[in-house]
Amino acid sequence: MSPSEPAAATGTTSPTTAEARPRVFSGVQPTGDLHLGTYLGALRQWVEHQQDRDSVFCVVDLHALTIPEEIDPQRLREDVRRVMALYLAVGLDPERNVIFAQSHLHEHAELTWLLNCVTPLGWLYRMTQFKAKSEGRESVGTGLLDYPVLQAADILLYDTNVVPVGDDQRQHIELTRDIAVRFNHLFGEVFVLPEAAVPEVGARIMGLDEPTVKMSKSVARQRAGHAVNLLDDERTVRKAIMSAVTDSGREVRFEHASPGVRNLLTILQTLDGRPMDAIVAEFEGKGYGDLKKAVAGVVLDALRPIRERFDAIMAEPGGVDELLAAGAERARAIAAPTLSRVKEAMGVG
Ligand code: ATP
Ligand code: LTN
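As a starting point, this report considers the structure included with it. (Residues numbered from 1 in each chain as written. Chains lettered and ligands numbered in written order. Predicted model: local features only at pLDDT ≥ 70, side-chain atom pairs only at ≥ 80, totals over all residues. Heavy atoms only, no water.)

Concerning the pairing of strand 1 (residues 23-28)
Most of strand 1 is tucked away: five of the six residues are buried. With six bridges connecting them, strand 1 and strand 2 (residues 54-59) associate as parallel partners. Across the sheet, residue Ser 26 finds its bridge partner in strand 2, namely Phe 57. Considered for its hand, the β-α-β crossover made up of strand 1, helix 1 (residues 36-49) and strand 2 is right-handed. (Buried < 20%, exposed > 50% of the residue type's maximum accessible area, 1.4 Å probe, protein only. Helix = DSSP H or I, 4+ residues; strand = E, 2+ residues; numbered from the N terminus. Pairing = 2+ DSSP bridges. Right-handed = clockwise from strand over helix to strand, strands pointing away.)

Rendered as structure tokens:
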């Protein structure tokens, strides 16, 4: 039995039979090209999950509408295609996984409304991302507050067991569970309870120019040198890493290291694979310049094939659009029965 079948979807955190593969779901917003933090915190895990999981990956374009002042319709459409191409370029296989764009299915928006009706407002006002993104804005759209409910709809539509994300998304996955528990309590056991999968190392890559804040797309748009974009050319990558903020010390250590040095060591560890002790031992007696060169080397080695595959995929006329259309059809085959179950339980439709 697949975990997507209704009988398995009974408020449980694991599939009901030993053979059932856990369902994985995750997504990224098409708000520009992706950076190293997204790759190390999320995408790399997704590629691993596809080996033995039943995975669904989404380009969450409805989430990209929550700050209306920033919507550029043509750009958004193109960004959906670019993020899809990046998913493929990092190694996600469109045959093994369901990969699609959120707005191609009406089920996500429809389930959001149904979930809105069981979600207390106080839960949404508490979200740290809402507080951060609404701060200093004169007017905030309802969509920004409702953002995590749309995210809950994404996850719950696919009877998801595991949600591989970076550290900043933990609170949203907890909220998804809370909404699912409340719904199940009110209307019967309809939803599976998902769990976040956050990597041990690399779950929170910090900005190179300001290592006390998370590397983020929104900051990267305003400041060169904040992030390494996955599609940056070699010179730009090298420049950003060699200019990364460290501290006035010289010796490479991990314990008591400043946030900038710790961030560089973390990036090195995620891509190099060796334990931190071995990495620090290698740099004994060396300075930050050597550390930065080593980081630039592993980052460039990791990004080169991604950039090449991305260019090849984008050069194929119609390729990305066809894959998106096929992915939407497969996604609908899972999402539509879940939505019917929810409507049946609530007495509508
Ligand atoms: P924005 O700044 O527009 O909010 P973002 O840079 O945070 O965007 P998202 O598209 O929101 O990127 O994130 C996609 C995925 O990547 C999420 O799972 C998120 O947790 C993860 N992620 C984003 N930034 C980092 C980071 N700096 N370190 C580790 N994981 C990250
Ligand atoms: N909020 C997430 C993107 C997102 C997501 C999801 C992640 C939207 N829906 C469902 C996991 C599962 C972010 O990374 N900013």
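Here's the deal with the side chain of His 49
Here His 49 shows up in helix 1. Apart from the residues lying within four places of it in its own chain, the contact partners of His 49 are Val 24, Ser 55, Val 162, Pro 164 and Ala 197. (Contact = heavy atoms within 4.5 Å.)

A look at the site of ligand 1
Close to ligand 1 lie 22 residues; His 35, Asp 168, Ile 205, Lys 214 and Ser 218 are nearest. The side chain of Asp 168 places a nitrogen or oxygen atom 2.5 Å from an oxygen atom of ligand 1. Residue Ser 218 places a side-chain N or O atom 2.6 Å away from an oxygen atom belonging to ligand 1. Here ligand 1 has 600 Å² of accessible area as a free molecule, and 95% of this is covered by the chains. Those elements that provide at least two residues to the shell around ligand 1 are helix 1 and helix 8 (217-222). (Near = heavy atom within 4 Å. Polar contact = N/O pair within 3.5 Å; in protein donor to acceptor, adjacent residues only side chain to side chain. Areas by Shrake-Rupley, 256 points an atom, 1.4 Å probe, with all protein chains shown as cover.)

Details of the side chain of His 108
Structurally, the position occupied by His 108 is in helix 3 (residues 107-116). Those residues within four positions of His 108 in sequence are excluded, and the remaining contacts are Phe 100, Gln 102, Leu 150, Ala 153, Asp 154, Leu 157 and Tyr 158.

Thoughts on the environment of Gln 45
By the secondary structure assignment, Gln 45 is in helix 1. For Gln 45, a relative accessible area of 10% translates into the label buried. Residues Gln 45 and Pro 164 lie 119 residues apart in sequence; the distance between their C-alpha atoms is 6.6 Å. Gln 45 has contacts with Pro 164, Val 165, Ala 197, Val 198 and Pro 199, leaving out every residue within four places of it along the chain. Only 3.2 Å separates the side chain of Gln 45 from the backbone oxygen of Ala 197, close enough to count as a polar contact.

Observations concerning the packing of aromatic side chains
Considering all chains together, one arrives at seven aromatic pairs under this definition. In this structure, Lys 286 packs its charged tip against the face of Phe 283, placed 5.7 Å from the ring centre. (Phe/Tyr/Trp six-rings, centres within 6.5 Å; stacked < 30°, edge-to-face > 60°. Lys NZ or Arg CZ within 6 Å of the ring centre and 35° of its normal.)

Some words on the site of ligand 2
In the vicinity of ligand 2, 13 residues are found, and the nearest of them are His 63, Tyr 147, Gln 151, Asp 154 and Gln 169. Interatomic distance of 2.8 Å between a side-chain N/O atom of Gln 151 and a nitrogen atom of ligand 2. Contact with the protein chains covers 91% of the free accessible surface of ligand 2, which is 370 Å². Secondary-structure elements contributing two or more residues to the shell around ligand 2 are strand 1 and helix 6 (142-157).

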